[in-house]
Amino acid sequence: MNQLPGFTDALKQLIASPSISSTQTRWDQGNLAIIQLLATWFEQLGFSVDIQKVPQTRDKYNLLAKLGSGEGGLLLAGHSDTVPFDENRWHSDPHKILNKDDRFYGLGTCDMKGFFAFVLQACKGLTAKQLKKPLYILATADEETTMAGARFFIKKQLMKPDVAIIGEPTNLVPVIMHKGHMSHRISIQGKSGHSSKPSLGVNAIEIMHLVIGKLLVLKEQLAKDFVNKSFDVTAPTLNLGAIKGGDNANRICGHCELDIDMRSLPGMTDAHLINLLAETLKPLAEKFPHRISFDELHPSSPSFEQKQPSEFVSFAEELSGHQCCAVNYATEAPYIQQLGCQTIVMGPGSIDQAHQPNEYLAHSEIQKTEAILLKMIQHYCLKA
Ligand SMILES: [Zn+2]
C-alpha cells in the first residue's frame, strides 16, 4: 500500500491536478485526474468508490466514496473543479502550492479542492467496523459553470444521508440560506426599413423600451411583495445586464435583445419567477404578437434554505463557534438537499479569496477544520 499523504502533500497533489471548468472551451478541462487521485486515496482507506461519468459534459466525472453500511449517516461534499485564472495577476504558479506567510497559495486551495485534503486527514484510521452509519464523500464536476455534476448526481438518488456538509469557503460559518439565480434573454423581433418610412417597419428598440418599462415595475413589485431579512439585500433582485440592438441611425431597428438576471429568495421557485416575468410581459406580447420571446441563457440554480430549528445546524454552530447565516452566492446545496438530508455549507477559507488571483488558505484554518470534521464524523457515524 502506498503511503497516504499528509495534509500539505495532499493539498499539493490536488492543486497540481488542474481541473478548470469554463464555458469557454479554450479553458475547459476534464477532471478525471483529480477524481482518480481522490479514488486512490479513499480506496486505500477502505471506502468503496464509484466514479460516474457526467452526461452532457466534456469528459467530466463525479466521485462517490462510501465507508460503512446502512441508512443515514454523513455526507461530506464539494466540487472538484476550479475557475480559470488570470496568469498576469498571479504572483506564483496557480497549480503549485506556495507555502508563504502562513498561507498556502494555489488555485483551488480555498475554493475548494483544499477541503478534500482535510477530509482525507479526518478519515485516516477509520474502519467500517467503527461506524454505526455510513460516511460518504462526494466530489462533483462543473460546479463553477453548470452544476452538471450535482444535477446528475441527485437524479440517481443513490443514498439518503441524515446530514450533509458542503465544504465551500465560509470561514467555517454554517451557511443555511442563499438566493437562487437565473438569467434570461428577452428578444424583440421587429422589421427593419429605411428611417424615412417609419410605417413600413417595426422598431424593435421602441418595443424594448416598453418591455423595460414593465420590467422596472416588476422590479419594484418584487421588492414590495417579498422580503427576507436574513439577507443584506432583503428582496429578490432583477438586473438589466446587457442590451444590444440595431446597426445604424438611419435604419429602423429590426432586432433588439436584453439580458437580465433574477435572484430569487428561498421559498420562491424558478417557475414562480418565470410566471411573474411572463405575466408582466403578457400585455405587450398580446399587443405585438410573435415579436417578443424570452429564453434561458444558462441553466438556473435554485435558492437554498435549511429549515430551522435543526439539531444539525445547532451542532454546527456549537462546533464552529459561529451563528448560522445567509450568503449571496449560489452553491450545490439546493441539489444535495434533494437527497432528503439536512444540509449546510461550511468550510475553511474565505469566499473573498475564491475566484481571485493569489487564492490562498490560511494555516490558521487547519486545526479548526480538522477538529470540526472529526467531531462531525464521530457524532453522525461512529459507534458510541
Ligand atoms: Zn466553490
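The structure under discussion appears in the preceding block.
All values reported here derive from a predicted model rather than from experimental measurement.

**Notes on the pairing of strand 1 (residues 48-54)**
Inference 1: Bridge count between strand 1 and strand 2 (residues 60-67): seven bridges; the pairing is antiparallel. Within the sheet, the bridge partner assigned to Ser48 lies in strand 2 and is Lys66.
Inference 2: Here strand 1 folds back onto strand 2, and the loop between the two strands holds five residues, one of which, Gln56, carries a positive phi near 55°.

**A closer look at the pattern of salt bridges**
Opposite charge on two side chains lets them pair, provided their charged atoms get close.
Inference 1: A complete count under the given rule lists 12 salt bridges for this structure.
Inference 2: A salt bridge links Asp28 to Lys60, with the shortest nitrogen-to-oxygen separation between them at 2.8 Å. Of this pair, Asp28 sits in the loop between helix 1 (7-15) and helix 2 (32-44) while Lys60 sits in strand 2; the two residues are 32 residues apart in sequence, bridging distant segments of the chain. Comparing Asp28 with Lys60 shows no difference in burial state: the two are buried.
Inference 3: Between Lys53 and Asp59 there is a salt bridge whose closest N-O contact spans 3.3 Å.
Inference 4: Counted as one network, the salt bridges with shared partners bring together Asp28, Arg58, Lys60 and Asp142.

**Considerations on the nonpolar core**
Inference 1: Ranked by internal contacts, the top residues of the largest apolar core, which has 59 residues, are Phe42, Leu74, Leu135, Ile137 and Met376.
Inference 2: Tallying contributions element by element places helix 3 (residues 114-123) first for this core, with eight residues.
Inference 3: Setting aside residues up to four positions removed in sequence, Leu74 forms contacts with Pro134, Leu135, Tyr136, Pro161, Val163, Ile165, Met376, Ile377, Tyr380 and Cys381.
Inference 4: Listed in part, the 27 residues of the second largest apolar core include Ala204, Leu222, Cys256 and Leu277.

**Here we look at the sheet that holds strand 9 (residues 182-189)**
Inference 1: Sheet architecture is open: four strands sit in the order 11-13-9-14, paired in antiparallel fashion. Each edge of the open sheet is held by one strand with a lone partner, namely strand 11 (237-245) and strand 14 (292-296). Neighbour to neighbour, the strand axes of the sheet diverge by 20° on average, direction disregarded.
Inference 2: In terms of strand pairing, strand 11 meets strand 13 (residues 255-263) through eight bridges, oriented antiparallel. Bridge assignment links Asn239 to a residue of strand 13, and that residue is Asp261.
Inference 3: Packed onto the sheet, helix 5 (residues 204-225) meets strand 9, strand 11, strand 13 and strand 14 and runs at close to 170° relative to strand 11.
Inference 4: Packing of helix 6 (residues 270-287) onto the sheet brings it into contact with strand 9, strand 13 and strand 14, and relative to strand 14 it is tilted by some 165°.

**Topic: the coordination of the zinc ion**
Inference 1: Looking at the metal site, the zinc ion is ligated by His79 (NE2), Asp111 (OD), Glu168 (OE) and Glu168 (OE), spaced 1.9 to 2.8 Å from it.
Inference 2: Classification of the site at the zinc ion as irregular follows from its four donor atoms and the range of 51 to 143° in their angles at the metal.
Inference 3: We note that the donor set of the zinc ion lies within a single chain, spaced as H-x31-D-x56-E. You can see His79 sitting in strand 3 (residues 74-79) and its partner Glu168 sitting in the loop between strand 7 (163-166) and strand 8 (175-178), a full 89 residues away along the chain.

**Here we look at helix 1**
Every α-helix winds through 3.6 residues per turn, so residues three or four apart in the chain are directed the same way.
Inference 1: Among all positions of helix 1, only Phe7, Ala10, Leu11, Leu14 and Ile15 are buried. For helix 1, the angular spread of buried residues about the axis comes to 130°, placing them on one side.

**A look at the environment of Pro174**
Inference 1: Tracing the chain through its elements places Pro174 in the loop between strand 7 and strand 8.
Inference 2: In this structure Pro174 comes out as buried when scored by relative accessible area, which is 0%.
Inference 3: In sequence terms Pro174 and Val211 are 37 residues apart; their C-alpha atoms lie 40 Å from each other.
Inference 4: Setting aside chain neighbours within four positions, we find Pro174 in contact with Ala316, Glu317, Ser320, His322, Gln323, Cys324, Cys325, Ile344, Val345 and Met346.

**Re the packing of helix 2 against helix 3**
Inference 1: Relative to each other, helix 2 and helix 3 sit at 10°, their axes nearing to 10 Å. Relative to helix 3, the element helix 2 lies roughly parallel. Side by side, helix 2 and helix 3 meet where Leu38, Trp41 and Phe42 of the first sit next to Phe116, Val119, Leu120 and Cys123 of the second.
Inference 2: Here the residues of the contact of helix 2 with helix 3 sort into seven nonpolar, no polar and no charged.

**Examining the packing of aromatic side chains**
Inference 1: For the coordinates displayed, the defined rule picks out eight aromatic pairs.
Inference 2: With a centroid separation of 4.5 Å and 40° between ring planes, the pair formed by Phe7 and Phe118 is classed as tilted. Taken together, the residues span a long stretch of sequence, with Phe7 in helix 1 and Phe118 in helix 3 at a distance of 111 residues.
Inference 3: Residue Phe7 is classed as buried on the basis of its relative accessible area, which comes to 9%.
Inference 4: Relative to Phe85, the ring of Trp27 lies with its centre 5.2 Å away and its plane at 75°, an arrangement referred to as edge-to-face. With Trp27 in the loop between helix 1 and helix 2 and Phe85 in the loop between strand 3 and strand 4 (98-100), this residue pair connects regions lying 58 residues apart in the sequence.
Inference 5: What links up through ring pairs into an aromatic cluster is the set Phe7, Phe104 and Phe118.

Criteria and cut-off values
Residues numbered from 1 in each chain as written. Predicted model: local features only at pLDDT ≥ 70, side-chain atom pairs only at ≥ 80, totals over all residues. Heavy atoms only, no water. Pairing = 2+ DSSP bridges. Helix = DSSP H or I, 4+ residues; strand = E, 2+ residues; numbered from the N terminus. Salt bridge = Lys/Arg side-chain N within 4 Å of Asp/Glu carboxyl O. Buried < 20%, exposed > 50% of the residue type's maximum accessible area, 1.4 Å probe, protein only. Core = buried A, V, L, I, M, F, W, Y, C linked by side-chain atoms within 4.5 Å. Contact = heavy atoms within 4.5 Å. Axes fitted to C-alpha atoms, helices over the stretch in contact; angles between N-to-C directions. Donors = N, O, S within 2.8 Å, 3.2 Å for Na, K, Ca; no water. Tetrahedral: all angles 85-135°; square planar, octahedral: opposite > 155°, others 65-115°. Arc of directions from axis to C-beta. Parallel < 35°, antiparallel > 145°, perpendicular 65-115°, else oblique. Nonpolar A, V, L, I, M, F, W, Y, C, P; charged D, E, K, R; others polar. Phe/Tyr/Trp six-rings, centres within 6.5 Å; stacked < 30°, edge-to-face > 60°.

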